[in-house]
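The lines below spell out each chain.
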Amino acid sequence: MPHVPVPTRRAVLKTAIAALAAGLVPRAFAAEPLKIGLILPLTGPFASTGKQIEAACRLYMQRNGDSVAGRKVELIVKDDTGVAPETTKRIAQELVVQDKVTVLAGFGLTPLALAAAPVATQSKTPMVVMAAATSIITTKSPYIVRSGFTLPQVTWPIAEWAAKNGIKRPVTLVADYAPGLDAEKTFVTRFTSAGGKVVESLRVPLRNPDYAPFLQRAKDAKPDALFVFVPSGEGAAVMKQFADRGLKQAGVRMIGTGDVVDDDLLESMGDVAVGVVTSFHYSAAHKSPENQAYVEAFMKANHFRPNFHSVGGYDGMHLIYEAATKAGDGADGDKLVAAMKGMAWTSPRGPVSIDPATRDPIQTVYVRKVEMVDGKPWSIEFEKFDNVKDPGV
Ligand code: PHB
């Protein structure tokens, strides 16, 4: 029999170290994967929210790598169809129990985020809310951290702007559910305390809305402005009725939060959107090197314009990556949430930090006007409010 030398333990170790150094053994094998369970409406009436956020999360991984702190990042994307809160809750439970996700993320609408909150609490799983924007959401679990925005945060600047810019008799029109009520209350309170008077407040059902009778009623009240909040995906339908009912010709200015001139739909709205003034935390036209690079990379990968929900998704991924790095080995849910509190960074939208007390973003809110630039409508920022916190309602 030929003599085969038995390698010494030291030789085995040397070979293993050399293999690791040469990258032959992926470092990710050394640690548990970081699994992100991303729950989004990818079909149904709010599919644009899911499409935007999924694209942004994938772009983040493309630009920043698919491993962090020695852990392989796995994105598990689930469609909750955006309608039934029980579905979102069941998916969250499955992701926690069966897939053993490290983090839950996404959440396209408020009722869906609220339904999943107890799952985050019971399983001590961080829950990054990227889209849903009612103020109270973060109070529903100590494991919720928000990367998007809140309605009161983005509503009061337009109320102040309207009061200072000659608007005297506005009507409000909101989707009749929690974020709409946040927007209505914030607008009415701020506008009234600035000395103005809101002549009528209209609420449109969230499900299968028909905006025509509401816009007719708004026109009949002879306002000088119409403040609008509808969730993203709905703006084009509102804008169509605004045009068809002749509100613009009747001298009514449309104002609102930026959801109504959502960058995902803005190009399809046409001329009627030109001149609409809104306050918001993100415009694809935001002028900064970070945003220019973001919009360019996003459009190259997806061939559509990124909207504010995309930035909520992109920054949510940033929070998760940075928290995993900061919390290091053995980071559990509590350590990851602790690492997210107070985190500050430069987003495509501008400077953002996470308020350690509320786990909501503190950010710049811009006042913008839709203008045609090179034949296309964009929300052009012209005034800003720095370091805006959620004021509550
Ligand atoms: C929400 O349901 O919280 C929500 C959805 C879409 C928006 C804003 C708020 O554009």
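Caption draft 1: Layout of the overall build of the protein. Counting its secondary structure elements, the protein contains 12 helices and 15 strands. What you see for the protein is a C-alpha radius of gyration of 23 Å, in line with the 21 Å of a compact globule of 393 residues. Projected onto its principal axes, the C-alpha positions of the protein cover 100 × 45 × 35 Å. Evaluated residue by residue, the protein yields a buried proportion of 54% over its 393 residues. When contacts within the protein are restricted to residue pairs at least 6 apart in sequence, long-range pairs at least 24 apart make up 67% of them. About 16700 Å² of surface is accessible on the protein, with carbon and sulfur atoms providing 55% of the total. A distance of 3 Å separates the average location of the 45 positive side-chain charges in the protein from that of its 40 negative side-chain charges.

Caption draft 2: Summary view of the packing of helix 7 (residues 211-220) against helix 8 (residues 235-244). The contact between helix 7 and helix 8 brings their axes to 9 Å, and the two run at 50°. When the interaxial angle is binned, helix 7 and helix 8 end up oblique. Classified by chirality, the crossing of helix 8 by helix 7 is right-handed. In contact with Y211, A212 and L215 of helix 7, helix 8 contributes A237, V238, Q241 and F242. Along the lines of polarity and charge, the residues of the contact of helix 7 with helix 8 split into 6 nonpolar, 1 polar and no charged.

Caption draft 3: Structural context of the pattern of salt bridges. Applying the stated rule across the entire model yields 15 salt bridges. In this structure, the salt-bridge partner of D244 is K240, at a minimum N-O distance of 2.6 Å. Placement of the pair is D244 and K240 together in helix 8, with a separation of 4 residues, close to one helical turn. Beyond isolated ion pairs, a larger network of salt bridges with shared partners links D263, E267, R305 and K376.

Caption draft 4: Highlighting the sheet that holds strand 1 (residues 34-40). Judged by pairing direction, the sheet is mixed, and its 6 strands sit side by side in the order 2-3-1-4-5-6 without closing on themselves. Where the open sheet ends on each side, the last strands, each with one partner, are strand 2 (67-68) and strand 6 (144-146). Note that strand 4 (residues 103-106) and strand 5 (residues 127-129) share 3 bridges and pair parallel. Its bridge partner being in strand 5, A105 is matched across the sheet by V128.

Caption draft 5: Examining the pairing of strand 1 more closely. A large share of strand 1 lies buried, amounting to 7 of its 7 residues. Burial along strand 1 is two-sided: the residues L34, I36, L38 and L40 and K35, G37 and I39 are all buried. Judged from the 7 bridges that link them, strand 1 and strand 3 (residues 71-79) form a sheet pairing that is parallel. By the bridge assignment, I39 is partnered in strand 3 with K78.

Caption draft 6: Molecular detail of the side chain of H286. On the secondary structure map, H286 appears in the loop between strand 11 (277-280) and helix 10 (289-302). Not counting residues within four places of it along the chain, the set of residues in contact with H286 comprises N291, P348, R349, G350, Y366 and E381.

Caption draft 7: Just the site of the ligand, in detail. Neighbouring the ligand are 14 residues; T110, A133, Y177, S232 and D259 lie closest to it. Y177 has a polar side-chain atom sitting 2.7 Å from an oxygen atom of the ligand. At a separation of 3.0 Å, an oxygen atom of the ligand approaches a polar backbone atom of S232. For the ligand, the protein covers 99% of the area, taking 280 Å² as the surface of the free molecule.

Caption draft 8: Seen up close, helix 7. The set of residues buried in helix 7 consists of Y211, A212, L215 and A218. End-on view of helix 7: buried residues confined to an arc of 125°, all on one side of the axis. Of the surrounding elements, those touching the buried residues of helix 7 are strand 7 (170-175), strand 8 (200-204), strand 9 (225-229) and helix 8. Just past helix 7, the residue K222 takes up positive phi, approximately 50°.

Caption draft 9: Molecular detail of helix 11 (residues 308-327). With 20 residues, helix 11 ought to run about 28 Å at 1.5 Å a step, and its terminal C-alpha atoms sit 28 Å apart, in line with that. The element helix 11 is extensively covered by neighbouring structure, given that 16 of its 20 residues are classed as buried. Of the residues that open helix 11, the one with a side-chain oxygen 2.9 Å from the backbone nitrogen of H309 is N307. Count one or two residues on from helix 11 and you reach G328, which has phi positive near 70°.

Calculation criteria
- Residues numbered from 1 in each chain as written.
- Predicted model: local features only at pLDDT ≥ 70, side-chain atom pairs only at ≥ 80, totals over all residues.
- Heavy atoms only, no water.
- Helix = DSSP H or I, 4+ residues; strand = E, 2+ residues; numbered from the N terminus.
- Rg over C-alpha atoms; globule rule 2.2 N^0.38 Å.
- Buried < 20%, exposed > 50% of the residue type's maximum accessible area, 1.4 Å probe, protein only.
- Contact = heavy atoms within 4.5 Å.
- Areas by Shrake-Rupley, 256 points an atom, 1.4 Å probe, with all protein chains shown as cover.
- Lys, Arg positive; Asp, Glu negative; His and termini not counted.
- Charge placed at Lys NZ, Arg CZ, Asp CG, Glu CD.
- Axes fitted to C-alpha atoms, helices over the stretch in contact; angles between N-to-C directions.
- Parallel < 35°, antiparallel > 145°, perpendicular 65-115°, else oblique.
- Left-handed = near helix turned anticlockwise from the far one by under 90°.
- Nonpolar A, V, L, I, M, F, W, Y, C, P; charged D, E, K, R; others polar.
- Salt bridge = Lys/Arg side-chain N within 4 Å of Asp/Glu carboxyl O.
- Pairing = 2+ DSSP bridges.
- Near = heavy atom within 4 Å.
- Polar contact = N/O pair within 3.5 Å; in protein donor to acceptor, adjacent residues only side chain to side chain.
- Arc of directions from axis to C-beta.
- Expected span 1.5 Å × (residues − 1).

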